[in-house]
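Take a look at the letters that make up each chain.
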Amino acid sequence: MTAVMGTPMLRKEDGKLLTGEGKFVDDIHVPGELWMGMVRSPHAKATITSIDASGALAMPGVQAVHTGPDLADMGLWIAPLPCAWPVTPDMLNPPHFPVASGEVHHVGEIVAVVLADSRYGAADAIDEVVVHYDSLPAAASVAEARDGDVLAHSDLDTNKAYHWPLVPDPDALDAAFAGADVVVAADFVQQRLIPTAMEPRGVLAVPSPHGGDITLYSATQVPHILKVMAAATTGIPENQIRIIAPAVGGGFGAKLNINPDEILALTLANKLGRAVRWTESRSEAAGSTHQGRGQLQHIELAADSNGKLQGVRVHVDADMGAYMMLITPGVPLLGSFLYTGVYDVPAFGFTCDGYFTNMTPTDAYRGAGRPEASYAIERAMDLLALEVGVGPDEIRRRNYINGGEAFENHEAASTLVFDSGHYGPSLDRALEMADYEGLRAEQSRRREAGDKVQLGIGMCTYVEICGLAPSRALGGLGYGAGGWEHATVRMLPTGKVEVVSGSTPHGQGHETAWSQIIADKMGVSPHDVTVLHSDTAMSPLGLDTYGSRSLAVGGVAIAMAADKVVEKARLIAAHQFEAAPEDVQFENGSFSVAGSPSSSVHIQELGFAAFAAHDLPDGIEPNLQEQVSFDPPNFAFPFGTHVAVVEVDEDTGGVKLTGYFAVDDCGNQVNPLIVEGQVHGGIVQGAAQALFEEAAYDDEGNITNPSLMDYLVPSTMEMPSMKLDSTTTPSTTNPLGVKGVGEAGTIGSAAAVINAVCDALSPHGISDLEMPASPQRVWNAINRASGNGEGGAS
Amino acid sequence: MKLTLTVNGTTHTSEVEPRTLLVHHLRDNLGLTGTNIGCDTSSCGACTVHFEGQSVKSCTMLAVQADGGEITTIEGLADQAQQAGISTGDQDWHPMQEAFHQCHGLQCGYCTPGMVMAATSLLEENPDADEGGVREGLEGNLCRCTGYHNIVKAVLQAKGGA
Ligand code: FES
Ligand code: FES
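Residues numbered from 1 in each chain as written. Chains lettered and ligands numbered in written order. Predicted model: local features only at pLDDT ≥ 70, side-chain atom pairs only at ≥ 80, totals over all residues. Heavy atoms only, no water.

Student: Explain the overall build of chain A to me, please; I cannot follow it from the model alone.
Tutor: Helix and strand content of chain A: 21 helices and 28 strands. Its C-alpha radius of gyration of 28 Å places chain A within 12% of the 28 Å reference for a compact globule of 794 residues. Structurally, chain A occupies a C-alpha span of about 90 × 75 × 50 Å along its principal axes. Taken over 794 residues, chain A has a buried fraction of 64%. Contacts in chain A between residues far apart in sequence, at least 24 positions, make up 79% of those at least 6 positions apart. Accessible surface for chain A amounts to roughly 26200 Å². Of this, 51% is attributable to carbon and sulfur atoms. Mean positive and mean negative side-chain charge positions of chain A (46 and 98 charges, respectively) differ by 3 Å. (Helix = DSSP H or I, 4+ residues; strand = E, 2+ residues; numbered from the N terminus. Rg over C-alpha atoms; globule rule 2.2 N^0.38 Å. Buried < 20%, exposed > 50% of the residue type's maximum accessible area, 1.4 Å probe, protein only. Contact = heavy atoms within 4.5 Å. Areas by Shrake-Rupley, 256 points an atom, 1.4 Å probe, with all protein chains shown as cover. Lys, Arg positive; Asp, Glu negative; His and termini not counted. Charge placed at Lys NZ, Arg CZ, Asp CG, Glu CD.)

Student: Explanation requested: the sheet that holds strand β12 (residues 276–279) of chain A in the structure shown.
Tutor: Paired through their backbone hydrogen bonds, the strands of a sheet run either parallel or antiparallel. Residue and element names in this part refer to chain A. Reading across the sheet, the seven strands line up as β3-β5-β1-β12-β9-β10-β11 and stay open at both edges, with mixed pairing between neighbours. Two strands lie at the open edges of the sheet, namely β3 (62–67) and β11 (241–244), each paired on one side alone. Each adjacent strand pair in this sheet contributes to an overall mean axis angle of 20°, direction not counted. The sheet strands contacting helix α4 (residues 119–127) are β1 (34–40), β3, β5 (110–116) and β12, and the helix crosses β1 at an angle near 25°. (Pairing = 2+ DSSP bridges. Axes fitted to C-alpha atoms, helices over the stretch in contact; angles between N-to-C directions.)

Student: Looking at this model, I keep getting lost on the domain arrangement of chain A. Mind explaining?
Tutor: Note on interface size: it is often stated as the accessible area lost on association of the parts. All names here are of chain A. The domain boundaries assigned to chain A delineate domain 1 (17–136 + 198–250 + 255–288), domain 2 (292–468 + 634–785) and domain 3 (484–630). Relative to domain 2, the C-alpha centre of domain 1 lies at a distance of 36 Å. Contacts between domain 1 and domain 2 engage 29 residues on the former and 26 residues on the latter. Summed over both partners, the interface of domain 1 with domain 2 buries about 2300 Å², with 70% contributed by carbon and sulfur atoms. Among the residues domain 1 hides against domain 2, the three largest losses belong to W85, H96 and A286. Together they make up 24% of the total. Linking domain 1 with domain 2 are zero salt bridges, by the criterion used here. In this assembly, domain 1 and domain 2 are joined by seven residue pairs in polar contact (both at pLDDT 80 or more). (Domains from an automatic or database assignment. Buried area = accessible area lost by both parts, 1.4 Å probe. Salt bridge = Lys/Arg side-chain N within 4 Å of Asp/Glu carboxyl O. Polar contact = N/O pair within 3.5 Å; in protein donor to acceptor, adjacent residues only side chain to side chain.)

Student: How do you make sense of the interface of chain A and chain B when you look at a structure like this?
Tutor: Tallying the contact residues gives 54 residues for chain A and 47 residues for chain B. Taking both partners together, chain A and chain B bury about 4300 Å²; carbon and sulfur atoms supply 56% of that area. Between R144 of chain B and E693 of chain A there is a salt bridge whose closest N-O contact spans 2.6 Å. Taken together, the elements giving at least two residues each to the side of chain A that touches chain B come down to α1 (14–19), α4 and α19 (672–691) of chain A. Per-element tally for the side of chain A that touches chain B: the top contributor is α19 of chain A, with eight residues.

Student: It is not clear to me how the confidence of the model for chain A should be interpreted in this structure. Could you clarify?
Tutor: Should the pLDDT be low somewhere, the predicted coordinates at that spot are not to be read in detail. Chain-level statistics for chain A give a pLDDT mean of 96 and a share of 99% at 70 or above. This stretch, residues 790–794 of chain A, has a pLDDT under 50; its non-local contacts, to residues over four places away or in other chains, come to six contacts. (pLDDT = per-residue confidence, 0-100.)

Student: Explain unusual backbone geometry here, please?
Tutor: Among all residues except glycine, the phi angle is most often negative; among peptide bonds, the trans geometry is most common. Residue and element names in this part refer to chain A. Here the amide bond leading from L468 into A469 is cis, since omega sits at 0°, within 30 degrees of zero. Here A469 lies in the loop between β18 (453–463) and α15 (471–476). With omega at -10°, the peptide bond leading from M771 into P772 counts as cis. Relative to the helices and strands, P772 resides in the loop between α20 (744–761) and α21 (775–785). Despite not being glycine, N409 shows a phi value in the positive range, around 55°. Structurally, N409 can be placed in strand β16 (residues 407–411). A relative accessible area of 45% places N409 in the partly exposed class. With a phi close to 65°, S534 is a non-glycine residue in the positive phi region.

Okay, here's the thing in structure tokens:
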């Protein structure tokens, strides 16, 4: 049998999704269900002075209206919503309950919950709950929060939640800057983003008809984490909670949280003995689902006169939003180790201050901390190239770890050990695909001709940290849980293989990829493999899907469990052959005795032998099932080079992305088709941050673009077709040599695109532009540079 | 209000509130949950169905506005193709569904029903669409997973195969 791993097998999960049979949460209904409607604060900061629900309660079909104080009296929870990552022992973490009492802290915070017997009834009733507020001044930006004149939480005496330093050798860092020929300093803004998975979040809690336990369907990436946290928050015993993530329509980090609606549905259904549901509306999502990014970055590079880096120093002011949610404070830490990028940097220091603001909480969004880091270093490298007077490709080559040659186990100044890398070839290949020389020639031609549409070429060589994570490393960073993953593999009596996966897909294609791994490991058809996942009753152990961890942790666990099944089957086969196990060989699914290949038994036949148990070796348990919880010894460090080509219309400021070339290295690939799909989608999300998207807040803390009318998720028209290639540098972290690719595209693309825009504008002396590079911003920059002032008539 | 709709060849008569959106009627009353909802501003196209042979965003119509009309949803697309004499293969898929599968034009699949419905009517209206035409034709359908690359590829492949 030829290898299945590494081939572009078409996805097993497509059928249901293509025909409309896939069931998302809002597709699932049970008799007697009640609809929750959330009454949300229109103020960023205010005191609730009164709530009058009588109008709503008088409406037909409205069952109840509950305020924060009511719910606290009902004893529905025993703890606030959890933050699993107290990054410092003294981090401030004001209690965050599903429904506010007293003071509200962001627009969209829930102040009352309506229960009605229909979708429309709940929506109507929300409007009839009359809430009076005394509005208070709000901290409506991280800069304002840092100034500290306005407090985000009245009962805290500061907005600063924590200070986190990572400065392994302060003396070396000072010396690097003192001795530098060139110092480049820059400030970048990572605007807030609305994650916008196409399926809004939703929940349905169904109490069991025989009492005792309760099933929560949720559009979540993390059913296992949700189960533990729901038990800890509500006091409902873990064994009475079953979480099911049915078909989930994308996550990108936005479905990696423990949300008020999840806890409300669970506890209200449990209390009432009736099913309770809620589906987020898109415009509501800006206040009901966490946002991403939200950082002010300051980066300094110290280099010698040739542009060889001597040190990197970074400070980040991070916008926590109104509350610490599951991993809010840890997001900047996930990026902290990457501010030296793919470069050999002798000295490094990073500090971060987290600030509360009166805006929607931030938390993980595709890349979580790492796109921010990659953006800062890769933008700064372009500035260094300008300073030193070399091209952006050359400045990178001069600084690559090991001169761009292959390496293993490189200890970076940040103290992390990069598993493997080989950065030179990905840059070479990306420049070749893009026809870099040709593009530069065309750029010169347009510049000389004074063309109104100028060309810009930008590149980014990124590295990222994925495969989250070694549990000990997480513990060292103050994270409250581990990073292992669990897998069970069983050969069923019928010869089919059942895989139970603790990682939880929401579009990635785990069923296909896991089947490919099993096919190669066990010598069976991938179509004989069934993957069970996303239901804590079927898959009780797991840590779910985020941080590009599924393959490098969960996939590896599956491969290891499959190996164990093969080893057990070998004992049974040896017994049947009356041979010593060490004389029994395994190839393409069949066991045979060395030297007499004519008699053989297929592993799928042994499923029945183990089940019947009529003739097993002594001391062997009658099953062919093994489990593995794999805790990786290190992270994995994928990398690559992205090249973006833009056209900038100098009359309108419009930027058009006309070409995109990416060479990614995620180690050994299980399914190149899935890899490419992940890279495509990731690139577009990063490019969207560069050019279009921003959660815009006014001075009062109101979000001004919550709907998809105003929040510019790119369409087919904004994106070019992309050209991709890959290199393969196996990871040394795991036996499959795999890394991860779910976030790589996003980590590489924002910097590549802005580098391209700045490159196009460089003849004007423009070296930086804030994201998103909207036509207005670009036009203003051009006019400012040519001395016309902002907003002058054109 | 009383409402009669022929959906995927079956006629349904229902009592609905006048304000009921077509997409909610299809999903909540008729149980056809393949058609999805991704926004509340007619921006995303997840709810695209065929009404009287044309693609429409079913969140922009009241159910009663469709009274007496014929609707095809993702659940009925392959059957409709078959009736039109188009081969639907072993899987019983419309060629567009097959092309999305072949080209990995879907990941989470949430935008997919709307995307497939929009794409089939795009090719009906513009059978010679090139990449630019396909991109223009799908501008009203958002996908957050695929970056559109493989969706565009799938539609061009379906065109080639048709
Ligand atoms: S749900 Fe109809 S366009 Fe978004
Ligand atoms: S496949 Fe997920 S939104 Fe398109």
